[in-house]
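# Descriptive analysis of the structure
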Amino acid sequence: MPPLRPRADLGTHEVANQPEPRADIDLWAEDPALADAVAREGAAVHAPRLASVAKTLGGAEWRERGRLANRHPPELRAFDCAGRRIDEVDFHPAYHALMSLGIAEGYAALPWEENALPGGHVAHAVMVYLMAQVEPGVCCPMTMS
C-alpha cells in the first residue's frame, strides 16, 4: 500500500503543518535510553533479540499493519447465516500478523521458558513497549497467553 500522504494542495487553503510520512525507523537505535535500561537492569543478553524486533517493528510495513489492525477492530459474529449461535470473533489479518511476530519472538513466554536467560522479565517489558508503539491492542492477548 502506498504511504498515506496528506493532501496539501487544497483550493481553499494551504496545509503546511503536517509532517512527511515516516520512513523505516529503528525503534532500538533511536532510543538509546531503552538500550541503556536493558543493560542496567541485567537483560543485556537479550539486547540482540530486542534490537532485531525493534528494527522489524519500526519498518513502514509493520507500522501499516498496526494501522490496519487498529482501524479494523475485532468483529463479533454471534450467529451464523441460519441463526445458530457461534460466538466467533473475526480479526483483521494484520492483527494476526502482529501477534504471530510477537509470539515468534518470545513475547508471551520469554521469562518463563525452560532454560530462560536472566533478565527475561525486563526483555518482556521491552517487547511490550516496542509492540505498543505499533499497535497496543495485540499486547493484551499475547500477555495473557
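Structural data are supplied above this passage.
Each chain carries its own residue numbering, running from 1 in the direction its sequence is written. The model is predicted, so local features are restricted to residues of pLDDT at least 70 and side-chain atom pairs to those at 80 or more, both for listing and for counting; the totals for chains, interfaces and linings are taken over all residues. The side-chain figures draw on all heavy atoms in the structure; neither hydrogens nor water molecules are used.

Below, the discussion takes up the overall build of the protein. Comment: elements are numbered from the N terminus, with helices defined as DSSP H or I runs of at least four residues and strands as E runs of at least two. In terms of regular secondary structure, the protein is built from six helices and two strands. The order of α-helices and β-strands along the protein, N terminus first, is α-α-α-β-β-α-α-α. Relative to a compact globule of 145 residues, whose C-alpha radius of gyration would be 15 Å, the protein shows 19 Å and is clearly more extended. In terms of principal-axis extent, the alpha carbons of the protein reach across some 55 × 55 × 20 Å. Using a 1.4 Å probe on the protein chains alone, a residue whose accessible area is under 20% of its type maximum counts as buried, one over 50% counts as exposed, and one in between counts as partly exposed. Within the protein, buried positions represent 30% of all 145 residues. Only heavy atoms enter the contact rule, under which two residues are in contact if any of them lie within 4.5 Å. Summarising the internal contacts of the protein: among those between residues at least 6 apart in sequence, 63% fall at separations of at least 24. Once the 13 positive and 20 negative side-chain charges of the protein are each reduced to a mean point, those two points are 5 Å apart. Only C-alpha atoms enter the radius of gyration, while the globule expectation follows 2.2 Å times N to the 0.38, with N the number of residues. Only four residue types enter the charge count: Lys and Arg as positive, Asp and Glu as negative, with His and the chain ends excluded. By convention, charge coordinates are those of NZ in Lys, CZ in Arg, CG in Asp, or CD in Glu.

Time to look at unusual backbone geometry. Comment: phi is negative for the bulk of residues other than glycine, and the bulk of peptide bonds are trans. The phi dihedral of Asp87 falls on the positive side, at around 45 degrees, and the residue is not glycine. As for its placement among the helices and strands, Asp87 is situated in strand β2 (residues 85-90). With relative accessibility at 44%, the residue Asp87 sits in the partly exposed group. Phi at Asn115 is positive, roughly 60 degrees, even though this residue is not glycine. Position of Asn115 relative to the elements: it lies in the loop between α4 (93-104) and α5 (120-132).

Here we take up the pattern of salt bridges. Any Lys or Arg side-chain nitrogen found within 4 Å of a carboxyl oxygen on Asp or Glu counts as a salt bridge. Counted according to the given criterion, the structure contains eight salt bridges. A salt bridge links Arg77 to Glu88, with the shortest nitrogen-to-oxygen separation between them at 2.7 Å. With Arg77 in strand β1 (residues 75-79) and Glu88 in strand β2, the pair connects residues that are 11 residues apart, well separated along the chain. Asp87 is paired through a salt bridge with Arg85; the nearest N and O atoms lie 2.9 Å apart. When its relative accessible area of 55% is taken as the criterion, Arg85 is described as exposed. Here the salt bridges share partners, and the residues they tie into one network are Arg77, Glu88 and Asp90.

Below, the discussion takes up a nonpolar patch on the surface. For patches, a residue must show more than 30% relative accessible area and have no salt bridge; joins then use 9 Å for like charges and 5 Å for nonpolar side chains, namely Val, Leu, Ile, Met, Phe, Trp and Tyr. Accessibility throughout is a Shrake-Rupley quantity obtained with a 1.4 Å probe, and a residue counts as covered only by protein chains that appear here. On the surface, Leu76, Val89 and Phe91 cluster together to form a nonpolar patch covering roughly 260 Å² of accessible area. Relative to the helices and strands, Val89 resides in strand β2. The class for Val89 is partly exposed, based on a relative accessible area of 42%.

In plain words, nonpolar cores are sets of buried Ala, Val, Leu, Ile, Met, Phe, Trp, Tyr and Cys residues tied together by side-chain atoms within 4.5 Å. Ranked by size, the top nonpolar core spans 29 residues in total, and within it Trp28, Leu50, Leu57, Leu98, Val126, Leu130 and Met131 carry the most contacts. For this core, the secondary structure elements donating two or more residues are α1 (32-40), α2 (47-57), α3 (60-71), α4, α5 and α6 (139-144). Those residues in contact with Leu57 that sit more than four places away from it in its chain are Leu27, Trp62, Arg63, Leu98, Leu101, Leu130, Met131 and Val134.

Here Gly11 lies in the segment before α1. Put simply, Gly11 and Leu68 are 57 residues apart on the chain and 30 Å apart in space, counted from C-alpha to C-alpha.

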